[in-house]
Amino acid sequence: MPESTYDIIIAGGGTAGCVLASRLSTAEPSLKILVLEAGPHTRNDLFHVQPARYLHHLRPDSTTIKFYTAKHSEELLGRQLVVPCGQCLGGGSSVNFTMYTRASASDYDDWETKYGNAGWGSNDLIPLLKKSETYQIAKDQETHGYSGPLGVSYGGHFTNVGQQFLEVAKEYDKSRGKTNDLNDLSEKSLAYGRWQKWIDATNGTRSDVPHHFIYGKENDHPNLEIQTGCLVKRVIFDPSGPEAYTAKASKLVVLSAGTFGSPQILERSGIGRRDVLEQVGVEPLVQLDEVGENYQDHNVMFVPYLASDEAETLDGIVRNDADEVKKWDSIWRAKGSGLMSNNALDAGIKLRPTPEELKDIGPEFEETWKEYFEKAPDKPVLWIGAVSMFVGEPSSVPPRKYFSMGYFTTYPVARGYLHITDREDINAPPSFDPRYLTDKADLALLNWAYKRSREFARRLGVYQGEYTQAHPKFDEQSPAFCRDSGTPAAVHAEDIQYSGVDEEAVEQYTREFVATAWHSIGTCAMKPHEQGGVVDSKLNVYGTRGLKIADLSICPSNVGSNTYSTAVTVGEKAAVIIAQELGIAGL
Ligand SMILES: Cc1cc2nc3c(=O)[nH]c(=O)nc-3n(C[C@H](O)[C@H](O)[C@H](O)COP(=O)(O)OP(=O)(O)OC[C@H]3O[C@@H](n4cnc5c(N)ncnc54)[C@H](O)[C@@H]3O)c2cc1C
């Protein structure tokens, strides 16, 4: 461990942590900054750099992911949900699906107005969203940036699965149009469209944070030290205490260990709810009741369908078929294009239901709709999209081509928690319950989304039936019965009718298969102290001096999108806040 004293120590070198470290070390070369990251470096590793390789990181023996196992859940029929988090330099940015999705403007406005966080509304954050990106898809778009480190494009290939989805959408659902920008943060983006990606069009590589903010000559930061393989245990306010390995900060410690890491470090440091701390023998220093509470995620399903041989899918690459990998790897090396620079997510919609669809979703969702969505016209209730592959462990299914219909709820009602279970053992799994599907509204939306997305799937030209093992078990006599063979339905064919018994089968299926969308947030929420906040709007941990948090644990409420964009922006915002406080110009 480094012995010397640093100005700033950042615990966790993930998405927000790397952005923060890079911005500050560039703006002020005299600042000495240390980043302590639990996982390994990711530099030039093809499994990180090539966008099509992301499922590799989710294998059970992964060295770049940490798996958090939840309690047994009644709602999930006794299952224990597992939530994987990036554990490597770059964190989520280095292992994620590279899907470029931004929040709705009202999500950030809620942070400012509902939770009293001045400076966090959309008008403040859009300039920072722009600052981090180079939008390579179209020029002169008001909400997009053109000189930031992270390239945004459609990737190097538009699969026929994605194309067919958009063709079907045009004819099958005329109530919504098509948009050229699914991510301008406004209600205009709630339409069908070609999905943007965190992929650099110039070379077909992943737009992660280490390769674009940290590594490389242009990002050479002699004042920035990065230690990988270092799991931060606690923050010590009195440096005279006995510890095996310590690093000292003279100005500031920032926790950027993510939604799972940061609350655990706080609790081991004596900051949290008294009974939680006392139960594991940690002396309470600062009582903050909601450390580790307010856990939120999105609930995802990827429903597999059988695809014809003509389908352009990533299955071969994911299975590591030597010929397939060789072919696409050589195209990627030569031109930065082809399936290796694709993430299988080419088309979809952020969906807000019509009055008719609201009726179909059912009464369980009514109250949530009225309270949360009705007056926020830019908020979608679901993401639905086509995925050009089987999403899961490839060896668990016969080797062939698949496509999937993916969908996730954008603002689940359920709130969970996680807390440490051991004072000393940093590797002791936390007590974790995401409380998925504990609210009927969340279940109703997912059930409806299965039926809705299936109507798209069976109309795609590449459709050859359902992969029945991973579908609801409908009665053989039911029109909803799934078959592992078939031909595409006509675009204007009747929708499948589901009986009461069929609906029960869908619900059972949702409970059996629902999974994390890897979008954990909220366990150190930025809210007023009296409302259970953990940090204030300058990211200071209440009741402490010189301790901030900068990662997605600070989100007081959800964003209706995948979360990488918000994590980068939290890193950018933290850099601005800290620079102002330290009198550093240029940020
Ligand atoms: C598999 C997967 C797929 C995803 N797909 C998408 C997508 O397609 N699009 C999208 O927008 N978002 C996606 N996301 C979500 C997005 O990447 C994350 O929300 C975001 O990266 C979180 O950023 P963060 O800074 O809060 O935390 P992280 O990026 O998770 O960083 C936290 C870092 O802290 C480190 N750490 C934790 N504890 C300690 C400790 N005690 N000591 C030292 N270091 C520690 C971790 O190793 C990690 O590197 C995905 C995430 C995952 C995991």
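You'll find the protein chain entered in an unreviewed UniProt entry as Alcohol oxidase-like protein, with Gloeophyllum trabeum given as the organism. Recorded in UniProt for the protein chain, the comment headed Cofactor (unreviewed entry) runs: "FAD". According to the UniProt record, the Sequence similarities (unreviewed entry) comment for the protein chain reads "Belongs to the GMC oxidoreductase family."

## Concerning the sheet that holds strand S2 (residues 33-36)
An order of S10-S2-S1-S11-S22 is seen for the five strands of this open sheet, with the pairing classed as parallel. Here the strands that pair on one side only, and so sit at the sheet edges, are strand S10 (224-227) and strand S22 (547-549). Neighbour to neighbour, the strand axes of the sheet diverge by 20 degrees on average, direction disregarded. As judged from the four bridges shared by strand S1 (residues 5-11) and S2, these two strands associate in the parallel manner. Across the sheet, isoleucine 10 pairs through a bridge with valine 35, a residue of S2.

## A closer look at helix H15 (residues 564-582)
For H15, built from 19 residues, the straight-helix expectation of 27 Å at 1.5 Å per residue is met to within 8% by its first-to-last C-alpha distance of 27 Å. H15 sits mainly inside the fold: 16 of its 19 residues count as buried. Just downstream of H15, glycine 583 is the residue with a positive phi angle, here 70 degrees.

## Topic: the site of the ligand
Around the ligand, the surrounding shell holds 35 residues, and the nearest of these are Thr15, Glu37, Val232, Thr563 and Tyr564. The contact in question runs from an oxygen atom of the ligand to an N or O atom on the backbone of cysteine 88, over 3.1 Å. Note that a nitrogen atom of the ligand is positioned 3.1 Å from one of the backbone N or O atoms of phenylalanine 97. Here the ligand has 1000 Å² of accessible area as a free molecule, and 95% of this is covered by the chains. Sorting the residues of the shell around the ligand by element identifies helix H1 (15-27), strand S4 (80-86), helix H7 (258-268) and H15 as the ones contributing at least two each. Take the shell around the ligand: its biggest share by element is three residues, from H7. A class-by-class count of the residues in the shell around the ligand yields 17 nonpolar, 16 polar and two charged.

Analysis parameters
- Residues numbered from 1 in each chain as written.
- Predicted model: local features only at pLDDT ≥ 70, side-chain atom pairs only at ≥ 80, totals over all residues.
- Heavy atoms only, no water.
- UniProt positions renumbered as here; feature names shortened; annotations may be inferred.
- Pairing = 2+ DSSP bridges.
- Helix = DSSP H or I, 4+ residues; strand = E, 2+ residues; numbered from the N terminus.
- Axes fitted to C-alpha atoms, helices over the stretch in contact; angles between N-to-C directions.
- Expected span 1.5 Å × (residues − 1).
- Buried < 20%, exposed > 50% of the residue type's maximum accessible area, 1.4 Å probe, protein only.
- Near = heavy atom within 4 Å.
- Polar contact = N/O pair within 3.5 Å; in protein donor to acceptor, adjacent residues only side chain to side chain.
- Areas by Shrake-Rupley, 256 points an atom, 1.4 Å probe, with all protein chains shown as cover.
- Nonpolar A, V, L, I, M, F, W, Y, C, P; charged D, E, K, R; others polar.

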